[in-house]
Structure formats: structure tokens, C-alpha cells
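Chain by chain, the residues:
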Number of protein chains: 2
Amino acid sequence: MRASNYLFSTLRDAPTDAVVASHQLMVRAGMIRQISKGLYTWLPTGLRVLKKVENIVREEMEKAGALEVMMPGVQPAELWEESGRWQKYGPELLRMKDRHNRDYCLGPTHEEVITELARNELTSYKQLPINFFQIQTKFRDEVRPRFGVMRSREFLMKDAYSFHANSESLQETYETMHKAYCNVFDRIGLDYRPVQADTGSIGGAYSHEFHVLAQSGEDDIAFSDSSEFAANVELAEAICTKQSPDAPTQDIAEVLTPDCKTIQKVADFLALPVEKTVKTMLIKGIDSEGNDTIVALVLRGDHQINEIKVEKLEGVVTPFEFATEQDIIDTIGCKPGSIGPQGLNEKGIRVIVDRSAAAISDFCAGANKDDYHTTGLNWNRDISDFVVKDIRNVVEGDPSPDGKGKIVIKRGIEVGHIFQLGQQYSQALKATVLDENGKAQTMWMGCYGIGVSRIVAAAIEQNYDDKGILWPENIAPFNVSIIAMNYDKSEDVRNECDRLYNELKLAGIDVFLDDRKERPGVKFADSELLGIPHRLVVGDKGLKNNSIEYKYRATGEGEDVPREEAVTFIRKTLQVS
Amino acid sequence: MRASNYLFSTLRDAPTDAVVASHQLMVRAGMIRQISKGLYTWLPTGLRVLKKVENIVREEMEKAGALEVMMPGVQPAELWEESGRWQKYGPELLRMKDRHNRDYCLGPTHEEVITELARNELTSYKQLPINFFQIQTKFRDEVRPRFGVMRSREFLMKDAYSFHANSESLQETYETMHKAYCNVFDRIGLDYRPVQADTGSIGGAYSHEFHVLAQSGEDDIAFSDSSEFAANVELAEAICTKQSPDAPTQDIAEVLTPDCKTIQKVADFLALPVEKTVKTMLIKGIDSEGNDTIVALVLRGDHQINEIKVEKLEGVVTPFEFATEQDIIDTIGCKPGSIGPQGLNEKGIRVIVDRSAAAISDFCAGANKDDYHTTGLNWNRDISDFVVKDIRNVVEGDPSPDGKGKIVIKRGIEVGHIFQLGQQYSQALKATVLDENGKAQTMWMGCYGIGVSRIVAAAIEQNYDDKGILWPENIAPFNVSIIAMNYDKSEDVRNECDRLYNELKLAGIDVFLDDRKERPGVKFADSELLGIPHRLVVGDKGLKNNSIEYKYRATGEGEDVPREEAVTFIRKTLQVS
């Protein structure tokens, strides 16, 4: 592509509402323009990247044996009523009426449509397993669209849906798709982790999210520094290698701890390490007869409660709810800041202790008396009748649950999600096939999503510097930029640029020739902002010495290349045969 | 692709609502499925064809220098209010409200969005001309969606929009796009005509439609049998080579013509050729002072009035409106069936005579008296004070307006439309650039559409037989089908089929291997229904004689090919090097 035939919409400044790097850089590099809140036009530079990502995704889906289809974006309400989601789905589902006053929605996802297709087209177990995918614009009416195309209302998604005669077949395709997703992100060249994900309201099903690691991510990902283990922080098991506490060495003592509003302040005041303290929280529970009760959760002072883990325990109100201050005062006789686990069982409160808290000795806890704490506490000797559970978030340095290495926590951007749906939709929509015995059998389903447009933003979040974007080679809008100095005035420069441009194009390389009448500084800055990985500068000065200047965007390193070797040099560098 | 890994949804019968061949065949061949009125899922076979069409369109747009972008499908009402179309556009525009109660529509076209983009991104004449295109799903809420994807509510469209500093530049790009459109349809392999089209409400602009010729078309196209000339029947100039009538040979006579309700009946009754009669119609007119008048239109008995041509004449009410029967009786004294041009000017009625009617002599017309006609009429001698204009539809056999050959009329399916928009949208949305003198200058615009999904249907309308589809090579879902006889039982067949399949695939050929456990008859029928152009049949019987049976779908002709030459044979036939 020649700059003179191109739309070069680079900007010096990003819009004020762009708070993350990818949003700022995509606007500044002329990749996207907002037309209305959360609705974007992809300009040529942006679309080039998007199409490259799309093609990688398509190729890997085809390799995984998935068949491409294209379902309508506008979906009839009837199907959503059959699945029960017409009512359940919140205002993210954009509902509308057509000219005949019939209800439709703009598809945020396609489980209903594909299940309708499957129940009509699939009649025999012999047709299974089968896996359909599409790459299509979706719409979700986000309450607060933000971060550019990272959380826009319209976005490009690859969604796939597989159908199976049994759960084993589903598991097989699930693993194939897991591998295909890894191939996609490997080929794009991203640092990512497949992480165990919460299955949400669908119990028993199995699910993985694929996260690109980046500071601006909205999720915390816990992963091992020396194995494949990765999970959402909320789901990662917190391991305590110390099985039981040391023997007591101290007696208990009640001490005044005035104005110590946090556990850290208590520890500082008493000159104790915070790891030698516990904090006790009271939450709402329910007993086996259905009566309201109170449950105490005890954690080491430096740990944080994990509400998802707690919600999975028996006898706990879901969603997770703290006891009110009044409840606490009425039951314990003190304010929340001074609770300790001692004697709570006598007040009818069940005590659940986190594994790590249960492994310490001679510790400090609230004294169940305002402004007092008790030191020298020891389990069993001073506190009895409690259970030990995993109820905390993992922290960096925790042992990895798979026994290999230590936990590292980074922020992640979710770019993919694979899910074993089981029979939820096929049951609701009565999608059956005849099995070997001619009996109707409800199909098993998997679904698999990739946020194609979000990948573009996530790739930038992971690859940029103060000058602009640093594209991974396989999704760069152009791989090579030729910067022509005085293209309009110097015949030598013009001929050499045209020759390079044509020969690199012939070699199948995405090459950009900046033939504009602009100052070199403007061209350099634009090339760096756009993140074109390889740069050739052609000027009269260099040509006099028979040389062209090469520079690699990622490292800033370069060299002078003899003009007749420039094409070969680039082909070698890009490994184009 | 192997049939065993594919979705093979062929049907014996088409749905009852499918009245055109393409709709029937697309459903029967498992290309599309309707999910709701006018909303279709494209199954793998259909999508393969659609993608091939899409790729040809994209390649030709890029060759023509257009830059691909992707605009949002959901568009804010504000832009449509600026252009004035939020009010003007009928119920085909699907309007909706988002969760914040703001107005949006589902884009049926993108003039507003692209003009908004252009006014922001284009600032200087140096950036012009520039041409943007996108290939995107559009939505038009058709009152009566029909003919499958030919007139569906969602459809895939390529729309392009060009911006210019002046009308000459617009004309240049218009011609480039005209050529690009011809390239597209040539490459797809369709019999089509670019036809001059009505410019509708935008006076002075220039427009061409591209029609695929097919019986089921909704438009009548007039074209020359020996030149490039083609136009919508409504627009084609009707030529009369006879410049003036022959000298009179008869005297006028008034004859009783009872119960002759049509001009044909009059001619039959009087034993006259219908070409020797004229019919006179009265329509509403308006004089130079704005008063209501009546205008008489006179055509040869065998010709049809062309309302669009009449509407372009001065002194005629638009839209075209016939005078009421009461008006006729009041003015002339007879009913509509007996009007003639004689003496109308004396009643204040302007007489406009079609060129062909003006070239006959000794003709018959209504006698302006119920149930009477006048014979032996001659222009000037019997009727004076009339003007001669082109006011009829062309008919087959008319001379072509470009002087080359005769007119042929066929039905056409509109698959493309290019349009010189001029400054309509750029003026409304204030899209200006600075010209050479630093002065703001409103841009000129062109727009260019191709119905990508409609092309798929149109290609079938032009290429099918009683067994199924006859795909043009470049858009066939597969080019070669290998039909395996007893694939599961015969090792020889299996090995040979697998070898052929792999070698053809390696050669880059879209090959389909029917490895299903089905009767040969079923496989033959499916291959013919799908319209795969080339068929190889591999069976034990043939292999014993070292031969494979080849058949060409379009002609039904074939031959036996030695097994070791089969790949070379196909490569030669498909001209794959």
C-alpha cells in the first residue's frame, strides 16, 4: 500500500475518554473511530489487523474440524422464549419490534439459533459429533461501554457450538477446541493463560477462560511460575503446606488495643507480624431447619476472604451477605473490629477457619470486647469446635495447587471462553437425535467464544511503548514500511522505493510505502505509532553509499543494508521463502 | 472436505413458499435455512459460495483502489436526522431504542455514517479522491420478504462510497467502479448487463444498475442484440426510424365499433393491423399559470405508455395521473374507449404524440363519440397543433438507440447499482475539504452497491436444470466431487479415493469426497443437486480396469480416465498449474 492512496488518520492526541493504552493508541494510529457510544468504525489500518486475527481464528477452527456457518444477527423472540432467556437476559439484550410489531433482538450470542438449527438438521447420532462456528458482529447493550473496542457494544466474535451424543464426545471436542484456542493465541504471538473459570449458574459444567496478561486487564489471574496451572484468583485453591500448628508456647492475655481499626494496626500496636493474627468475620447463615443463623469466618490477618468459595459451603446464605453491625453487637456484645473466634460456638455460631489461619500458633485475635484483643491464642487449647476450609484468595508466593512452583498473580484480559454447556439448551429446545437403538436422545452441547475485535486491543495492551504500538508480526497491519526521503524530488529515491515496494509485494509481504510529501520526522513518528515492525529508510545520502537503513521497531536496533541486498535481507528477517 | 465430516442437509422437496428456482434449490441443496421471515442461516455449502463471491468482490474493489473499512451496523438517529432521512425513510428502516432510550436504527445503507467519517477525517483536497468500501450485513425491513435470499431482510452487501474535489474526479472513479463491477460479474461468470437506470428523485445524477439476466427477474431490461447498449425498459429511448408519415391515400370515415373495449378488438373488427391504429389517453396536466389542465397522449395501438418519460415532460402532473372518467365525459363527451386526437386542441387539450404514432398514415382512432371510431386519419391534414415526443416503452425489435442492432428485452435481477450522488449528503452533513486556495469546498460523492448474497441466488437463476444447480466454476462450493462406491468395504476404493482427495487438495482444488455409507444413487443425486461441476466416480469395477469415471455436470458428458492420470486430468480441466 502506498501512503498516497491510503487514509492516514494519525492523531497527536488521544480523546480524553480513552484511559487505557490500546484505546488511546487505536484512535491515535487511525485504527478506529467512535460513531456513537460503544459503536466504532474500523478504519483501513484497524481493519487490516482485525482481518488478520479473523483469518488466524478461521484457519484454526477449520483445522479443528469446525464447519463455518452464518446465522442472522437479528433473532426472533420466540426462540429466546423457548430457552427462557427472553425474560432472564437483562438490558444488555437489545430488544426491538419489526414493522409488523413482532419481537426480535440483536444477537449477543447464538445458543438459541444454533440449537434450533441442530434440532432441525441433526436427526441421527451418525451425524455427531459436529461443530459449527461463525465469525460475526454481535451486539451487547453494555451499560457503560468503555476501553474502546475492548468493551464496545458492537464487537466481532467467533462463536462455535458443538453437538454430541454423550458427554465423553463433548469432552473430546472440548479438548480439541482448547488446543485450537492455544494455537490461535500462539500464532498471534500473545502471552496468555487458559484458566479454570467459574461455571456460574450452570453447576457441574466445565469451563476455561483464555486471558491475555496485561496490566489493564479486568480480571486477576493466578498461575504457577513453573507449570501450566492457571485459574481465576476467585477459583484458585489456596494451599497451606503446614498441616498443623506448632505446639503452644504462650498463655493467653487480654490487651487493650485502642483506635486499632485494622488488623494491620493491631499487629503494629502489639509489635506482632500480621501473619500471627487472625481476623473474624460474621456472615449470614442458615441452619438445617431453614432458620437464620450466623457463621464466623476466620482468616489470617494478611489474607482476603473469597466469597465464591464461601458461597459453595453448606449453611451459608447466597449471595454472600455480612451480618449487620447490630446483629454482631446483639450476639457478641462488641463491634465488628474486636471479634475473635473464642467461645463463639457457645453462642450457637458455627466457626469456619481458613487452612492457613488454622496452621498458626500463639496468635492474636479480637477479644469479643470493644478495643481489646487476645494474644497467645492456640487452636484446640483455647478454641474448640471449628471446621477448616479453603475460604481465602490465593496470594503471590502461595504454593501452586498442582504442587509445581509458586503462584504469580497478574491481571488478564479475557479474550476467549470455552464451555461445556451440557444439555441446558438442547433440553429446553428439545434438540434430540435418534441413538443406535432408534431412541430419541437429547444432545450434549459445548460452546466456544473468541473476542476477535477484543484481541486486537489486548495485543496492544501487551505490546506498546511510548512511541506507539509494537505489533506481533502475524497481525501487524503492514510488516515493512519503506520511508522515502524526498520521493517527489529525487528520481533515484523514487526508483529505488518503487523497486523495493514492488519486489517485496511480489514476495507476498505486506509492505507500506510512505511516499507522502511530509517531513521525515512525521513519517518516522507515524511508522512507529502504527507499530510497523520493520522499517527501511531510502534517501539520497544512503543511496550514494549504496545503502538503505534498516531498523527493527521492537528493539530500535538496525543496520545499513546494501541496496541490492535489501529485499533478500527482509525476506530472511521475515522468513519468507 | 469429506462428507463424513460435513453437514449434508439436502432435501427432496422445497418448502411450499419457495416459488423461484434459486430459493427452492438453495433450500434443497442445504445452503440456507429460514429462521424467521426473511432471516436466514447460511449453512456450510451456502457460505462457501457466499465467501467465494465476497472474495471476488473484495479483490476487484482493492484492484480499483478502494480501501476497506467496517462501519457499525447499528447507527445513531442523529446522523439520519442531519441528512433528513430519519423522517423520510419508510418502515424499511428498522428503528429501535437502546437501554438509555436513545434512538438507533439497523443500517440499511451507510451514506450518513461514511459522510460523518469523511467530514472528520478528510480535511484537504490532497486526500482526494478516496474510495471506501465495506462488505457487511445490512437490514431492510421489507414489507414482504420473498424469493429466499433474493429479497431477504438481512443480506450481505458490498457498499462503497467515494469522495471528490469536483465532478470530473467523481466521473473518473465512477468509470473505474463501472469497470470493476464488470470484472466482478465476468469473473463470477454471469450473463449480465450494466443498464442506464432512473436517477429517481435526485435530478441530474448519473446511475447504472447491473442486472443478471434471468426469467425470474423483477425488472425488464432492454438491450441491443449487437452492441453494449442496455437500459431499463422504462428508460430506453424508443426510436422511430421513419421520420415522417407517408402521404394520405384515404379519406376519413366514422364507423360504428360496438363492444370494442380494447384497441385490438377495434383493429380486429375493422380488419386493420393494430399498427394502423392509435390510442389516446387523457392525463392531468398543469398550465404555465398553475391551473389544472388536461393533456392527451397518443400512441400507436400496439405500444405502451411510459409514465417515467411522460413525467419528465413539461406541463404534466407528477406523479403521473390519468384524468377521471367524469373529466373525460365532461370535456370530450364520450367514455375513455372512444377518444381520438382530432379536435382536442380546440377544447384546450394539449396533444402529445409518440414518435411512432406520428409516423403512420391512414390510421384509425376513437371518434370522440361512444362506440364510434374514425378511419383514414392523417396527421396535419386531419389533426393539427400537436407535439411529437418519445412517450412509449421500447418493444423487442425496436432499433437500438445507439444505432447498432435491434432491441431485445429480457428480465433482469438487479445485483449492483452505482450512483453519482453529487453533493446531496456532503451538503446536508457539511462535509468539506480545503481546496488549493484554502477555501472550504463541499465534496462530491459517489456510491456503489453490490448485493453479495443476492448474487448467489441470481447465479442459480441463470444456471440450473431439473437435477439441481449448475455452478459457474469460480463460485462453486466445491469444484470436484469424488464419489466413492463402497468406501467402507473396499480397501482399493478407499485408498484410491483418499489418494485422489489428498492430491487434489494439495493442488489447491476444492474437492469433496463423498465417503458416506449411502447408495450410489443418493450420492449422484446429491452431487448434482449441489451443482459440483466435476465428478469422479471411484468403484471396484472401474478400478479393475484401472479406470475412474469422469463426468462434467453442465453437459452430462464424460469419459473414463486411467487412475494414474485422474489428477492430471482434473488439473488440466480446471487449468490449475
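In the annotation of an unreviewed UniProt entry, the entry for chain A reads Proline--tRNA ligase, and the organism field reads Marinomonas balearica. The Catalytic activity (unreviewed entry) comment attached to chain A in UniProt states, word for word, "tRNA(Pro) + L-proline + ATP = L-prolyl-tRNA(Pro) + AMP + diphosphate". One UniProt comment on chain A, placed under Subcellular location (unreviewed entry), says "Cytoplasm".

Student: Report on the nonpolar core, specifying residues and quantitative values.
Tutor: Formed by 204 residues in total, the largest nonpolar core has its most connected members in Phe163, Phe185 and Trp471 of chain A together with Phe163, Phe185 and Trp471 of chain B. Those residues in contact with phenylalanine 185 of chain B that sit more than four places away from it in its chain are Leu190, Tyr192, Phe210, Val415, Ile450 and Ile455 of chain B. Residues Ile548, Val561, Ala566 and Ile570 of chain B belong to the second largest nonpolar core, which totals 24 residues.

Student: How would you sum up the pairing of strand β8 (residues 154-164) of chain B? Please name residues and give values.
Tutor: All names here are of chain B. Burial runs high along β8: 11 of the 11 residues are buried. Of the two faces of β8, the one holding Glu154, Leu156, Lys158, Ala160, Ser162 and His164 and the one holding Phe155, Met157, Asp159, Tyr161 and Phe163 are both buried throughout. With 10 bridges joining them, strand β7 (residues 130-139) and β8 adopt antiparallel strand pairing. When the bridges of β8 are listed, phenylalanine 132 appears paired with tyrosine 161.

Student: Any chance you could break down the relation of the copies chain B and chain A for me, citing the residues and the numbers?
Tutor: In screw terms, the move from chain B to chain A is a rotation of 180 degrees and a rise of 0.0 Å along the axis, fitting with an RMSD of 0.2 Å. Taken together, the rotation and translation describe the operation of a two-fold axis. The rotation axis passes nearest to the C-alpha of methionine 96 of chain B in chain B, at a distance of 2.8 Å. Both copies share a contact surface, since 100% of the interface residues of chain B are interface residues in chain A too.

Student: With reference to specific residues and values, describe the pairing of strand β14 (residues 278-286) of chain B.
Tutor: All names here are of chain B. Extensive coverage of β14 is indicated by the burial of 7 of its 9 residues. Sheet topology places β14 next to strand β15 (residues 292-300); 9 bridges connect them, and they run antiparallel. Along β15, the bridge assignment pairs methionine 281 with leucine 297. Hairpin connection between β14 and β15: a loop of 5 residues separates the two successive antiparallel strands, and glycine 290 in this loop has a positive phi of roughly 90 degrees.

Student: Provide a residue-level description of the sheet that holds strand β28 (residues 534-538) of chain B, including the pertinent values.
Tutor: All names here are of chain B. Taken in spatial order, the 5 strands line up as β27-β26-β28-β29-β30 in an open sheet, and their pairing is mixed. Of all strands in the sheet, those with a lone pairing partner are β27 (511-514) and β30 (558-562), marking the two edges. Each strand of the sheet is rotated relative to its neighbour by a mean of 25 degrees, with strand direction disregarded. For strand β26 (residues 480-484) and β27, the ladder comprises 4 bridges, and the chain directions are parallel. Within β27, the residue paired with isoleucine 482 across the bridge is leucine 513. Helix α12 (residues 491-506) contacts β26, β27, β28 and β29 (547-552) of the sheet and is inclined by roughly 170 degrees relative to β26.

Conventions we followed
- Residues numbered from 1 in each chain as written.
- Chains lettered and ligands numbered in written order.
- Predicted model: local features only at pLDDT ≥ 70, side-chain atom pairs only at ≥ 80, totals over all residues.
- Heavy atoms only, no water.
- UniProt positions renumbered as here; feature names shortened; annotations may be inferred.
- Core = buried A, V, L, I, M, F, W, Y, C linked by side-chain atoms within 4.5 Å.
- Buried < 20%, exposed > 50% of the residue type's maximum accessible area, 1.4 Å probe, protein only.
- Contact = heavy atoms within 4.5 Å.
- Helix = DSSP H or I, 4+ residues; strand = E, 2+ residues; numbered from the N terminus.
- Pairing = 2+ DSSP bridges.
- Least-squares fit on C-alpha atoms with pLDDT ≥ 70 in both.
- Axes fitted to C-alpha atoms, helices over the stretch in contact; angles between N-to-C directions.

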